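If you want the building blocks of each chain, they are given just below.
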Amino acid sequence: MATKIKLMRLGKMRAPYYRIVVADARTKRDGRSIETIGKYHPKEDPSFIEVNSERAQYWLGVGAQPTEAVAAIFRVSGDWQKFKGEPAPPPMKVAAPKPDKKALYEEAVRNSGGEEPAAGATTPKKKAAPKADDAAPAAETPAE
């Protein structure tokens, strides 16, 4: 059976993300796959690429043919060079870690007023007033 390493499209319109899968060459783009070996998110900045290198090397070794797009991803991640025995490419760019929201909030409070944030930053919930239905029958007494 001829196998291909190709991209399976997921996501919404104008917001694609892909899985790198090994599938029979005759299957549809989003059809049944044999194994998922990675992820590719092109809309992130920089693009997110995650490849299980060990599985990619196995499938390349047993003759699976990558599509052009997957071959380009393998060149960026270094898996193609490892398979061919060439020197590794420069390291990929990685997105900077996102700052902690709580730390940003506390810093903004210190900069604005110089006071520490209160332990309970939210206003307490109001308690519901007693219902008029419950109080009315107790107040009325039957006249005899």
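Quick caveat, the model's predicted, so the values are computed rather than measured. (Residues numbered from 1 in each chain as written. Predicted model: local features only at pLDDT ≥ 70, side-chain atom pairs only at ≥ 80, totals over all residues. Heavy atoms only, no water.)

### What about the overall build of the protein?
Part 1 of the reasoning: Looking only at helices and strands, one finds five helices and five strands in the protein.
Part 2 of the reasoning: Going from the N terminus to the C terminus, the protein shows its helices and strands as β-β-β-β-α-β-α-α-α-α.
Part 3 of the reasoning: Expressed as a percentage of the 144 residues in the protein, the buried residues total 24%.
Part 4 of the reasoning: Contacts in the protein between residues far apart in sequence, at least 24 positions, make up 32% of those at least 6 positions apart. (Helix = DSSP H or I, 4+ residues; strand = E, 2+ residues; numbered from the N terminus. Buried < 20%, exposed > 50% of the residue type's maximum accessible area, 1.4 Å probe, protein only. Contact = heavy atoms within 4.5 Å.)

### Regarding the sheet that holds strand E2 (residues 15-24)
Backbone-to-backbone hydrogen bonds pair the strands of a sheet. The strands run either parallel or antiparallel.
Part 1 of the reasoning: Taken together, five strands build an open sheet; the order of strands is E4-E3-E2-E1-E5 and the sheet is mixed. A strand with exactly one partner marks an edge of an open sheet, and here the two such strands are strand E4 (48-51) and strand E5 (65-66).
Part 2 of the reasoning: Note: E2 against strand E3 (residues 35-41), five bridges, orientation antiparallel. Bridge pairing in E3 places Val21 opposite Thr36.
Part 3 of the reasoning: Across the sheet, helix H1 (residues 53-61) touches strand E1 (3-12), E2, E3, E4 and E5, and the angle it forms with E3 is around 120°. (Pairing = 2+ DSSP bridges. Axes fitted to C-alpha atoms, helices over the stretch in contact; angles between N-to-C directions.)

### Focus: the nonpolar core
Part 1 of the reasoning: One finds Ile5, Ile20, Ile37, Val51, Ile73 and Phe74 to be the most contacted residues of the largest nonpolar core, which totals 17 residues.
Part 2 of the reasoning: Looking at this core, the elements with two or more residues in it are E1, E2, E3, E4, H1 and helix H2 (68-77).
Part 3 of the reasoning: If near-sequence neighbours (up to four positions away) are discounted, Ile20 is found in contact with Ile5, Lys6, Leu7, Glu35, Thr36, Ile37, Gly38, Lys39, Val51, Val70 and Ile73. (Core = buried A, V, L, I, M, F, W, Y, C linked by side-chain atoms within 4.5 Å.)

### Section: the environment of Leu60
Part 1 of the reasoning: In this structure, Leu60 sits in helix H1.
Part 2 of the reasoning: A relative accessible area of 5% means that Leu60 is categorised as buried.
Part 3 of the reasoning: Along the backbone, Leu60 and Asp79 are 19 residues apart, and their C-alpha atoms lie at a distance of 9.6 Å.
Part 4 of the reasoning: Beyond its immediate sequence surroundings of up to four residues, Leu60 is in contact with Ile5, Pro66, Phe74, Trp80 and Phe83.

### Quick look at the packing of aromatic side chains
Part 1 of the reasoning: Counted under the stated rule, the structure contains three aromatic pairs.
Part 2 of the reasoning: Centroid distance Tyr18 to Tyr40: 6.0 Å. Interplanar angle 25°. Geometry classified as stacked. With Tyr18 in strand E2 and Tyr40 in strand E3, the pair connects residues that are 22 residues apart, well separated along the chain. As far as the burial class goes, Tyr18 and Tyr40 line up, both buried.
Part 3 of the reasoning: Centre to centre, the rings of Trp80 and Phe83 are 5.7 Å apart; their planes meet at 45°, and the pair counts as tilted. Residue Trp80 and its partner Phe83 are located together in helix H3 (residues 79-84), separated by three residues, close to a single helical turn.
Part 4 of the reasoning: On the basis of relative accessibility, which here comes to 32%, the residue Phe83 falls in the partly exposed class. (Phe/Tyr/Trp six-rings, centres within 6.5 Å; stacked < 30°, edge-to-face > 60°.)

This is a description of form; function is not addressed.
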